[in-house]
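Residues per chain, in single letters:
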Amino acid sequence: MVSGFAPSRRLFLWLLALPLLAAPPAPREHFGFDPGDDYKLAGYEQIVNYFQKLAASSDRIRLERFGTSSEGRPMYAAFLSDAANLRQLDRWRSINRRLALGQAAPEEARRLAGEGKAIVWIDSGLHATEVAPVQHTPHLAWRMITDESEETRRMRANVI
């Protein structure tokens, strides 16, 4: 309890904090259906709104705007990993960039390869006529940030 505050004020403060304590919503909870079900496709704004909710409710996802589409819509990248990795995302990007561009001498490259994290790009919206990949992303993101199996925890610890 927060000492020094009247009970009604404590309740008010607790209610303000409640959204911060909310678990990431499952796709069905957010959309009212499972994206990709027969005759059920989530639209762009719905998908973006879902990822924004996930990012607001979990420290295992970081959503970053990286550009604008030809239709003028904001484009986002969602980084999924454990919280410790996401806090050091710039470091992991820097290591991967140095290695990809061949900027590290052989000895440094070996050290960086052992120290860095794998960064996997999953493109879920390359062609407008392909609907399955984008409908799958809410399920994948939700599973990666909520699943507590040993396999998923290991993936979050080692991969971004």
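Everything discussed here concerns the structure shown above.
Now for a description of the structure that goes with this document.

Quick word on the overall build of the protein chain
- Per the secondary structure count, the protein chain includes eight helices and two strands.
- Ordered by position from N to C terminus, the α and β elements of the protein chain give α-α-α-β-β-α-α-α-α-α.
- Accessible surface, the protein chain: about 10700 Å² in total, of which carbon and sulfur atoms supply 57%.

Considering the environment of Lys 53
- One can find Lys 53 in helix 3 (residues 44–57).
- For Lys 53, a relative accessible area of 40% corresponds to the partly exposed category.
- Sequence-wise, Lys 53 and Ala 23 are 30 residues apart; in three dimensions their C-alpha atoms are separated by 9.9 Å.
- In contact with Lys 53, other than residues within four places in its own chain, are Pro 25 and His 30.

Points about the packing of aromatic side chains
- Inspection of the entire model under this criterion finds three aromatic pairs.
- Arranged with centres 6.2 Å apart and planes meeting at 85°, the rings of Tyr 50 and Phe 51 form a pair that is edge-to-face.
- Here a set of aromatic residues connected by ring pairs shows up, and it is made of Phe 31, Phe 33, Tyr 50 and Phe 51.
- Its end group placed over the ring of Trp 92, Lys 117 keeps NZ or CZ at 5.6 Å from the ring centre.

Quick notes on the side chain of His 30
- As for its placement among the helices and strands, His 30 is situated in helix 2 (residues 27–31).
- For His 30, a relative accessible area of 18% translates into the label buried.
- Looking at His 30, its side chain comes within polar contact range of the main-chain oxygen of Gln 46, at 3.5 Å.

Some remarks on the packing of helix 3 against helix 7 (residues 132–146)
- In the contact formed by helix 3 and helix 7, the axes pass within 11 Å of each other and the chain directions differ by 5°. The pairing of helix 3 with helix 7 is recorded here as roughly parallel in orientation. In contact with Ile 47, Tyr 50, Phe 51 and Leu 54 of helix 3, helix 7 contributes Val 134, Thr 137, Pro 138, Ala 141, Trp 142 and Ile 145.
- Residues that form the contact of helix 3 with helix 7 fall into these classes: nine nonpolar, one polar and no charged.

Notes on the pattern of salt bridges
- What the rule picks out here adds up to 15 salt bridges.
- In this structure, Glu 108 and Arg 111 form a salt bridge, with 3.9 Å as the shortest nitrogen-oxygen distance. Of the two residues, Glu 108 and Arg 111 both sit in helix 6 (residues 106–115), three residues apart, roughly one turn of that helix.
- When its relative accessible area of 25% is taken as the criterion, Glu 108 is described as partly exposed.
- Take Arg 111: its relative accessible area is 46%, and that puts it in the partly exposed class.
- Among the salt bridges present, the one from Arg 111 reaches Glu 115, with a minimum N-O distance of 2.9 Å. A residue pair is termed a helical-turn pair when its members lie 3 or 4 positions apart in one helix, as Arg 111 and Glu 115 do in helix 6 at four residues.
- Within this structure, Arg 91, Arg 98, Glu 108, Arg 111 and Glu 115 form a network of salt bridges that share partners.

Rules used throughout
Residues numbered from 1 in each chain as written. Predicted model: local features only at pLDDT ≥ 70, side-chain atom pairs only at ≥ 80, totals over all residues. Heavy atoms only, no water. Helix = DSSP H or I, 4+ residues; strand = E, 2+ residues; numbered from the N terminus. Areas by Shrake-Rupley, 256 points an atom, 1.4 Å probe, with all protein chains shown as cover. Buried < 20%, exposed > 50% of the residue type's maximum accessible area, 1.4 Å probe, protein only. Contact = heavy atoms within 4.5 Å. Phe/Tyr/Trp six-rings, centres within 6.5 Å; stacked < 30°, edge-to-face > 60°. Lys NZ or Arg CZ within 6 Å of the ring centre and 35° of its normal. Polar contact = N/O pair within 3.5 Å; in protein donor to acceptor, adjacent residues only side chain to side chain. Axes fitted to C-alpha atoms, helices over the stretch in contact; angles between N-to-C directions. Parallel < 35°, antiparallel > 145°, perpendicular 65-115°, else oblique. Nonpolar A, V, L, I, M, F, W, Y, C, P; charged D, E, K, R; others polar. Salt bridge = Lys/Arg side-chain N within 4 Å of Asp/Glu carboxyl O.

The values reported here are purely geometric and, on their own, carry no functional implication.
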